[in-house]
Amino acid sequence: NEDFNYSMKENDFFYYEDQFGGLKLPLPNVLGQYQLENISTAIATLRILDLEIKEENIQKGLTKISDLARLQEIKSGKLKKICKNNKLYLDGSHNPLGAKVLNEYLNTFDCKKHLILGMMSNKDHEEYISHFNDISSITTIDIPNQPNAISGEDLKKKLNKYPNIIYKKSIEEALKTLNPEKDDLIMITGSLYLAGELLNRN
């Protein structure tokens, strides 16, 4: 709100403004409020550097962003089949700030949410999970092929004060055990290593 700002508008667009003027822009093809902050920072940088990037280039670019494992909805594949009609999301967040942003996004859904969680040993596990509210269940899992990951069993022990927490060895076992209700949301998170594993298995 000093060098540049943006605001959400109706009809699927947002408005960006800086010293060079305003831009009416389509909503990007990536999810989350923080993405609009990131995008606005990038636009401000481009305009300050005067790289002769035109407004239509920015508009087109916003619809073609690829951001794997950042609030990525898994819409097809082997793991999605296990979930049937439930929404399956993947997010590589692994620190408290990432958890806070992810929780803000989850709170925009009016449904039950289930976390499947795998993390590295050197993370602040309790601080990470403390940023989530309104979670129906947590399933801790192992991250295969990662010697520096905390085992799902040890992660469950550290987070045992949370209700409805269980341990399963793999992503597949976790998904099969969940048995979510219609329209429930499943979020797999806690590590970019886990995100890569999920994308490979899917």
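Residues numbered from 1 in each chain as written. Predicted model: local features only at pLDDT ≥ 70, side-chain atom pairs only at ≥ 80, totals over all residues. Heavy atoms only, no water.

1. Comments concerning the packing of aromatic side chains
Stage number 1. Applying the stated criterion across every chain yields a total of six aromatic pairs.
Stage number 2. Here the aromatic rings of phenylalanine 4 and tyrosine 16 are separated by 6.1 Å at their centres, their planes lie at 25 degrees, and the arrangement is stacked. With phenylalanine 4 in strand β1 (residues 4–9) and tyrosine 16 in strand β2 (residues 13–18), this residue pair connects regions lying 12 residues apart in the sequence.
Stage number 3. For phenylalanine 4, a relative accessible area of 22% translates into the label partly exposed.
Stage number 4. On the basis of relative accessibility, which here comes to 0%, the residue tyrosine 16 falls in the buried class.
Stage number 5. Each member of the aromatic cluster is reached from another via a ring pair, and the members are Tyr89, Tyr105 and Phe109.
Stage number 6. The ring of phenylalanine 13 carries lysine 24 above its face, with NZ or CZ at 4.4 Å from the centroid. (Phe/Tyr/Trp six-rings, centres within 6.5 Å; stacked < 30°, edge-to-face > 60°. Helix = DSSP H or I, 4+ residues; strand = E, 2+ residues; numbered from the N terminus. Buried < 20%, exposed > 50% of the residue type's maximum accessible area, 1.4 Å probe, protein only. Lys NZ or Arg CZ within 6 Å of the ring centre and 35° of its normal.)

2. Focus on the sheet that holds strand β7 (residues 137–140)
Stage number 1. The strand order across the open sheet built from six strands is β4-β5-β9-β6-β7-β8, with neighbouring strands paired in mixed fashion. In this open sheet, the two strands that pair with only one neighbour each are β4 (72–73) and β8 (165–167).
Stage number 2. Judged from the two bridges that link them, β4 and strand β5 (residues 87–91) form a sheet pairing that is antiparallel. Each bridged residue has a counterpart across the sheet, and for glutamine 72 the counterpart in β5 is leucine 90. (Pairing = 2+ DSSP bridges.)

3. A short note on the side chain of aspartate 91
Stage number 1. Tracing the backbone shows aspartate 91 in strand β5.
Stage number 2. Of the polar contacts made by the side chain of aspartate 91, one reaches the backbone nitrogen of serine 93; its length is 3.0 Å. (Polar contact = N/O pair within 3.5 Å; in protein donor to acceptor, adjacent residues only side chain to side chain.)

4. So, helix α4 (residues 96–106)
Stage number 1. The set of residues buried in α4 consists of Gly98, Ala99, Leu102, Asn103, Tyr105 and Leu106. Looking straight down α4, one finds that the buried residues subtend no more than 155 degrees of arc, so they occupy a single side.
Stage number 2. Here the buried face of α4 lies against β5, β6 (113–117), α5 (125–130) and β9 (185–189). (Arc of directions from axis to C-beta. Contact = heavy atoms within 4.5 Å.)

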